[in-house]
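So the chains spell out like this:
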Amino acid sequence: MGSNRLRGKFDELSKKNEHALICYVVAGYPDVTTTEDIISSLVISGADIIEIGIPFSDPIADGSVIQEASHRALLCGITPDKCLRISQNIRSKFPDLPILIMTYSNILLKSGFRNFMTRSNLSGVDGFILPDLAIEESCCYIEQATKLGLATVFLASPNTPENRLKVIVNKCSGFVYVVSVYGITGMRKSFENYTVDAIKNIKHVAGSKIPVAVGFGISNASHIRFMVDAGADAVIIGSAIVEKIKSNPNKEKMLLELRSYIVSLKNACK
Amino acid sequence: MRIDYPIDGRFGKYGGKYIPETLVPAVEELESAYKRYKNDPEFQDELSYYLTNYAGRPTPLYFAKNLSEYVGGARIYLKREDLLHGGAHKTNNTLGQGLLAKRMGKKRIIAETGAGQHGVGTAMASAVLGLNAEIYMGAKDAERQKLNVFRMQLLGSKVHEVMSGSQTLKDAINEALRDWITNLQKTYYLIGSVVGPHPYPMMVRDFQSIIGQEIIQQTREISNTLPNVVVACVGGGSNAIGTFFPFVDHSEVLLYGVEAGGQGIHTGKHSATLSAGSQGILHGMLTYLLQDEFGQIVETHSISAGLDYPGVGPEHALLKDLKRAKYVECVDDDAINAFLVLSKLEGIIPALEPSHAVAYAMKLAKHMNRSENIVVTLSGRGDKDVEVVSEYLRMKEKKEK
């Protein structure tokens, strides 16, 4: 059961007094085999949870780095089924690793929420993050997730009012995904105080019911300390990883660099 | 048939708010502001002042006598939105939303544009209302509509060329949405068609419904009846829904929405979303989309940049399912032919978008009685398209040689 694997991971980490490092990759970028090698490297170097991004042609919540990687992956023929096969291969390698799919609603809707989520479940997926699915539109998705025991992760933003936060928290079974800033995905130099307020506020609403993870713009150890000090249970790294993959055409060198990068990030989570 | 939509932001099952969480409060703020001003007499008076004195409403309903005789059938009337200030129906909406933005205290306006008409409309409304506009336009569209890029700049707006994706209207909307997410506190997103998350499809429809309301009044004055058939082109669908909406209850009036058949639906190079698409989620709404088997949005084609969009307003999706409106397509060749015929016979150079509607109306009129009336919404004028048409004719001549 997907949500159990996630819960197990968060319990295990909290016993060790550690925070979770969640890593995002664009499936099929630069190619399918390399994506699997990248995920393995991330996990071996300390990633606690993996988000497999299924590329979508119109990713409105993503900045240029993930947009370009998605576009390239699509041009090279990535399909949702190939992404699920990646998940299946990773699952057989890492039986306890929580694996989430991050993608846009239309990918699920096209094959039908039930069909797609059932197939995902069989491919070792533990849950979903759908950045364009507002809670108002989520009833059929939640129904299927509950039936299949898959984790739901909804996003909360610095401008989400408290009464709405309560509803969002209740609909999340994996964790709450706090968007750190007003904006789209992509690296940032620094964060402002409103991010701290947002994390504190959401943490207050979530209480001990569900972990709170922060994402968007995070790329280094000091960012991680900033989020963790504000109360985050987990941090999500996306564009920074994709950028490292992009800027390093030599695969072996790229994997090596990723490993030391993830080790340094994981250290900041301890 | 009495349609009282949307209910909870949905037209039947279509529409909704499929948006990132950050946008939810912004969209809710917009909805409550719109509800407040929609029935506010002062707001409506100001809008009507600008529509009349600045934009030139009402636009004429012109009996195209020469065209009707040439076709030999029903009497064809043209609703002359091409005479509206800005050269297209877009101004109805940009003035409405511009005034709303002002009342909401948002001075920074962003907008997307395909053919450039909505960009120009936004730039004009922003200039006259004292707002600052930034317009996103796909690089490919900016290339084929250079004149409109320059017009927007002349009117004081900044134009951002969008290099991502297919570099057309859908990518311009993606980029405008990303801008909105990033700068939402000070920014008003002025969407140009009946697309996007609720309340946009409803609000833009309301601002454009003046087209259909005037048609009803004008046909009653002319012939004391309603038209038998009403025709409009459909890209996102704003001029069509503005034309259709006041007629929806009059079930005796047949409604035809004409989509861009491009090089023919069988070639895959078209923008006929309702005729050839399937249900999906894009730009905040559930509607018909042109997509592949995996749910990726595909590239569309049309000779007219304004119809080159893989989605369509959710209210059209509902009208299609209810069979209240019929959606058909017209290929590039036929649209060009109508463009030429109308220019020569009536001295009116239509935009390529409504040329699709004119072409289909000519087909319909031929099989109708001389006592019957067809109204075609001529949603814009064709100055912007003369280069595209001349290039098209040159290529055609070359092929024939």
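Worth saying up front: this structure is predicted, and the values here are computed from it rather than measured.

A. How the structure looks around the nonpolar core. One finds Leu42, Phe128, Phe175, Ile224 and Ile241 of chain A together with Leu100 and Trp180 of chain B to be the most contacted residues of the largest nonpolar core, which totals 199 residues. In this structure, Ile241 of chain A is in contact with Cys23, Tyr24, Val25, Leu42, Leu258, Tyr261 and Ile262 of chain A, ignoring residues within four places of it in sequence. Residues Val229, Cys330, Ala357 and Val376 of chain B belong to the second largest nonpolar core, which totals 32 residues.

B. Summary view of the pairing of strand E2 (residues 49-53) of chain A. Residue and element names in this part refer to chain A. The buried fraction of E2 is high, at 5 of 5 residues. Residues Ile49, Glu51 and Gly53 line one face of E2 and the alternating positions Ile50 and Ile52 line the opposite face, and both faces are buried. The sheet contact formed by E2 and strand E3 (residues 99-102) spans 4 bridges and is parallel. Paired with Gly53 across the strands is Met102, a residue of E3.

C. Expanded view of the environment of Thr273 of chain B. All names here are of chain B. Tracing the sequence through the fold places Thr273 in helix H12 (residues 273-276). Sequence-wise, Thr273 and Glu259 are 14 residues apart; in three dimensions their C-alpha atoms are separated by 7.5 Å. Setting aside chain neighbours within four positions, we find Thr273 in contact with Glu259, Tyr288, Leu289, Leu290, Tyr309, Pro310, Gly311 and Val312.

D. Expanded view of the sheet that holds strand E7 (residues 158-162) of chain B. Residues and elements named next belong to chain B. If you trace the 4 strands from one edge of the open sheet to the other, you get E7-E6-E5-E8, paired in parallel fashion. Of all the strands in the sheet, the pair left with one neighbour each is E7 and strand E8 (187-189). Each strand axis lies, on average, 25° off the axis of its neighbour in the sheet, ignoring direction. The pairing of strand E5 (residues 108-113) with strand E6 (residues 132-138) spans 6 bridges and is classified as parallel. Following the sheet pairing, Ala111 is matched in E6 by Ile135.

E. Broad picture of the interface of chain B and chain A. Chain B puts 37 residues into the contact, and the matching count from chain A is 36 residues. A buried area of about 2,900 Å², summed over both sides, lies between chain B and chain A, and 54% of it is on carbon and sulfur atoms. When the buried surface of chain B facing chain A is broken down by residue, Glu21, Arg178 and Gln296 of chain B rank first, second and third, together holding 24% of it. Counting across the interface, chain B meets chain A through 4 salt bridges. We note a salt bridge from Glu21 of chain B to Arg164 of chain A, for which the minimum N-O separation is 2.5 Å.

F. Focus on the packing of helix H4 (residues 80-93) of chain A against helix H6 (residues 113-122) of chain A. All names here are of chain A. For the pair H4 and H6, interaxial distance at closest approach is 9 Å and the crossing angle is 30°. Between H4 and H6, the angle is such that the two are roughly parallel. Each of Pro80, Asp81, Leu84 and Gln88 in H4 lies in contact with H6, whose residues at this interface are Phe116, Arg119, Ser120 and Leu122. Along the lines of polarity and charge, the residues of the contact of H4 with H6 split into 4 nonpolar, 2 polar and 2 charged.

G. Spatial organisation of unusual backbone geometry. Pro30 of chain A follows Tyr29 of chain A through a cis peptide bond whose omega is 0°. Mapped onto the elements, Pro30 of chain A comes out in the loop between strand E1 (20-26) and helix H2 (32-45). Along the chain, His198 of chain B connects to Pro199 of chain B via a cis peptide bond; the corresponding omega equals 15°. Structurally, Pro199 of chain B can be placed in the loop between E8 and helix H9 (200-208). Not every positive phi belongs to a glycine, and Asn17 of chain A is a case in point at roughly 60°. Tracing the sequence through the fold places Asn17 of chain A in the loop between helix H1 (2-15) and E1. For Asn17 of chain A, a relative accessible area of 62% corresponds to the exposed category.

H. Representation of the side chain of Lys17 of chain B. Mapped onto the elements, Lys17 of chain B comes out in the loop between strand E2 (14-15) and helix H1 (24-38). Not counting residues within four places of it along the chain, the set of residues in contact with Lys17 of chain B comprises Ala134 and Glu137 of chain A together with Val27, Glu28, Glu31, Pro197, His198 and Gly284 of chain B.

I. Molecular detail of the pattern of salt bridges. Overall, the coordinates contain 42 salt bridges over all chains when judged by the stated rule. Between Arg205 of chain B and Asp206 of chain B there is a salt bridge whose closest N-O contact spans 3.1 Å. According to the relative accessible area criterion, Arg205 of chain B is buried, its value standing at 4%. Through salt bridges that share partners, Glu136 and Arg164 of chain A together with Glu21 and Glu28 of chain B make up one connected network.

What counts as what
Residues numbered from 1 in each chain as written. Chains lettered and ligands numbered in written order. Predicted model: local features only at pLDDT ≥ 70, side-chain atom pairs only at ≥ 80, totals over all residues. Heavy atoms only, no water. Core = buried A, V, L, I, M, F, W, Y, C linked by side-chain atoms within 4.5 Å. Buried < 20%, exposed > 50% of the residue type's maximum accessible area, 1.4 Å probe, protein only. Contact = heavy atoms within 4.5 Å. Helix = DSSP H or I, 4+ residues; strand = E, 2+ residues; numbered from the N terminus. Pairing = 2+ DSSP bridges. Axes fitted to C-alpha atoms, helices over the stretch in contact; angles between N-to-C directions. Buried area = accessible area lost by both parts, 1.4 Å probe. Salt bridge = Lys/Arg side-chain N within 4 Å of Asp/Glu carboxyl O. Parallel < 35°, antiparallel > 145°, perpendicular 65-115°, else oblique. Nonpolar A, V, L, I, M, F, W, Y, C, P; charged D, E, K, R; others polar.

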